[in-house]
Amino acid sequence: MNIPIPGECRFCGVTEDKIDGDKLCWLGPSRTVCNKPGCVRAHYADRDRMAVLARKANRKRTPAEIHAIKLQEARDRRKRNRKGRVA
């Protein structure tokens, strides 16, 4: 994962010396995203993607998902046992 450098936009690479405050400024106090429309869009898309991943990681599995996992594990065990046999 890239660690953003303060004073440099992590999407377009604009640096602190190109920021004038009128047309181009930072999106937040962290100074890692400029206010260009493409950079703002990418920033919010990235933030939303991370939120979805966090929700998926904290979600409990349903009984149907657990059952499907057990069935797949049983199939894998049967395949492994068949490969070891000689006809």
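Rules used in this analysis
- Residues numbered from 1 in each chain as written.
- Predicted model: local features only at pLDDT ≥ 70, side-chain atom pairs only at ≥ 80, totals over all residues.
- Heavy atoms only, no water.
- Core = buried A, V, L, I, M, F, W, Y, C linked by side-chain atoms within 4.5 Å.
- Buried < 20%, exposed > 50% of the residue type's maximum accessible area, 1.4 Å probe, protein only.
- Contact = heavy atoms within 4.5 Å.
- Helix = DSSP H or I, 4+ residues; strand = E, 2+ residues; numbered from the N terminus.
- Patch = residues over 30% accessible without salt bridge, like charges linked within 9 Å, V, L, I, M, F, W, Y side chains within 5 Å.
- Areas by Shrake-Rupley, 256 points an atom, 1.4 Å probe, with all protein chains shown as cover.
- Salt bridge = Lys/Arg side-chain N within 4 Å of Asp/Glu carboxyl O.
- Lys, Arg positive; Asp, Glu negative; His and termini not counted.
- Charge placed at Lys NZ, Arg CZ, Asp CG, Glu CD.

Undergrad: What should I look at first to understand the nonpolar core in this one?
TA: Soluble, globular proteins show a tendency: their nonpolar side chains are buried together. Ranked by size, the top nonpolar core spans 8 residues in total: C9, V14, I19, L24, W26, V33, C34 and C39. Excluding residues that lie within four positions of it along the chain, L24 makes contacts with V14, K18, I19, C34, N35 and K36.

Undergrad: I would appreciate a short explanation of unusual backbone geometry in the present structure.
TA: Where the residue is not glycine, phi is negative for most of them; where a peptide bond is considered, it is trans in most cases. Positioned with a positive phi, R31 is a non-glycine residue whose angle comes to about 55 degrees. Along the chain, R31 falls in the segment before helix 1 (37–58).

Undergrad: Is there a simple way to explain a positive patch on the surface in this structure?
TA: A grouping of R75, R77, R78, K79, R80, R82 and K83 is seen on the molecular surface, where their side chains present a positively charged patch. Residue position: R82 is located in helix 2 (residues 63–83).

Undergrad: Please explain the environment of C9 as it appears in this structure.
TA: Here C9 is to be found in the segment before helix 1. Here the alpha-carbon distance between C9 and N81, two residues 72 residues apart in the chain, equals 54 Å. Discounting residues that sit within four places of it in the chain, C9 has contacts with V14, W26, T32, V33, C34 and C39.

Everything listed here is a matter of coordinates, which is why it stays silent on function.
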